[in-house]
Amino acid sequence: FHTECDLMTTLPYSYGFEGTTTGGSTNPDFAADCWKRLNNGTSNMGYPYISSSSTYCHTGSRGLYWNRSTTTSYGDYQILVLPGLGGNYVMSDLRVKFWAKATSNSYHPVFYVGVMTDPTDATTFTYVDTVNVNTAGNTNWDEYIGNLAGYTGTGRYVAIRANRVGSSSWYACFDDVTLEEIPACVDRDRKSVV
């Protein structure tokens, strides 16, 4: 166990999963400082997990490996929850940036960016934005942005979610997350940047 994490009171906040313990597909533990992972899988509840494989790292020696499968053993959802936000920040003034790539040209991962009121309860996830990875059909690392400009609730936890959808399965690498205020010169309605 550990002491409860303090809320973030200074932005930008960046995290690259360095210095963390690696996991695995069936490991229910998640070692990222003050982050939470929710997954309701029956046997593959370990996704996304922290890996030291250079394939899954954008920079440094750690990155996340996501696997979205159409089978229930992987769960109906996988949610990655950032540490809680304190201070006087307004959620609708923020955006989350991250680097990601598909592991195959044929995979097209979809991440849903939202906000949660309770980081341990998936039912509190409120969808705000969609980030489509690999729209160009390659396996390059690209930076993506999810804007929270449309959020009107009271939640203080930014979350990134992958759902089990139809017949679409995919694998993705994910690293170097930044939570920051939306710059004044950026179109606040822009969905994602590739």
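Note that the coordinates shown come from a computational prediction; the quantities given were computed from them, not determined experimentally.

Procedures and definitions
Residues numbered from 1 in each chain as written. Predicted model: local features only at pLDDT ≥ 70, side-chain atom pairs only at ≥ 80, totals over all residues. Heavy atoms only, no water. Core = buried A, V, L, I, M, F, W, Y, C linked by side-chain atoms within 4.5 Å. Buried < 20%, exposed > 50% of the residue type's maximum accessible area, 1.4 Å probe, protein only. Helix = DSSP H or I, 4+ residues; strand = E, 2+ residues; numbered from the N terminus. Contact = heavy atoms within 4.5 Å. 1 Å grid on protein atoms, 1.4 Å probe; cavity = no way out; pocket = protein on both sides within 12 Å on 5 of 7 lines; lining within 4 Å. Points joined across faces, edges and corners; volume = space filled by probe spheres on them. Nonpolar A, V, L, I, M, F, W, Y, C, P; charged D, E, K, R; others polar. Disulfide = S-S within 2.5 Å.

## A closer look at the nonpolar core
- Grouped together as the largest cluster of nonpolar side chains are 37 residues, with contacts concentrated most on F17, W35, W66, F98, F111 and F174.
- Going through the elements one at a time, β1 (13-15), β4 (63-68), β6 (94-102), β7 (110-116), β8 (126-132), β10 (157-163) and β11 (170-181) are the ones with two or more residues in this core.
- By residue number, the principal contributor to this core is β11, which donates five residues.
- Beyond its immediate chain neighbours, meaning those up to four positions away, F98 contacts F111, V131, D142, E143, Y144, I160, F174, D175, D176 and V177.
- Formed by eight residues, the second largest nonpolar core is a distinct cluster that contains Y77, I79, F125 and A159.

## Focus: the layout of surface pockets
- When its volume is computed, the largest pocket comes out at roughly 210 Å³.
- Along the lines of polarity and charge, the residues of the lining of the largest pocket split into seven nonpolar, three polar and three charged.
- Taken as a whole, the second largest pocket spans an internal volume of roughly 160 Å³.
- If you trace the second largest pocket, you find it lined by P28, D29, F30, W35, R37, L38, N39 and M45.
- Considered class by class, the residues forming the lining of the second largest pocket number five nonpolar, one polar and two charged.

## Side note on the state of the cysteines
- Applying the stated criterion across every chain, the model contains one disulfide.
- Cysteine C57 remains unbridged, with the sulfur of C173 as its closest cysteine sulfur at 8.5 Å.
- Judged by relative accessible area, which is 9%, C57 ranks as buried.

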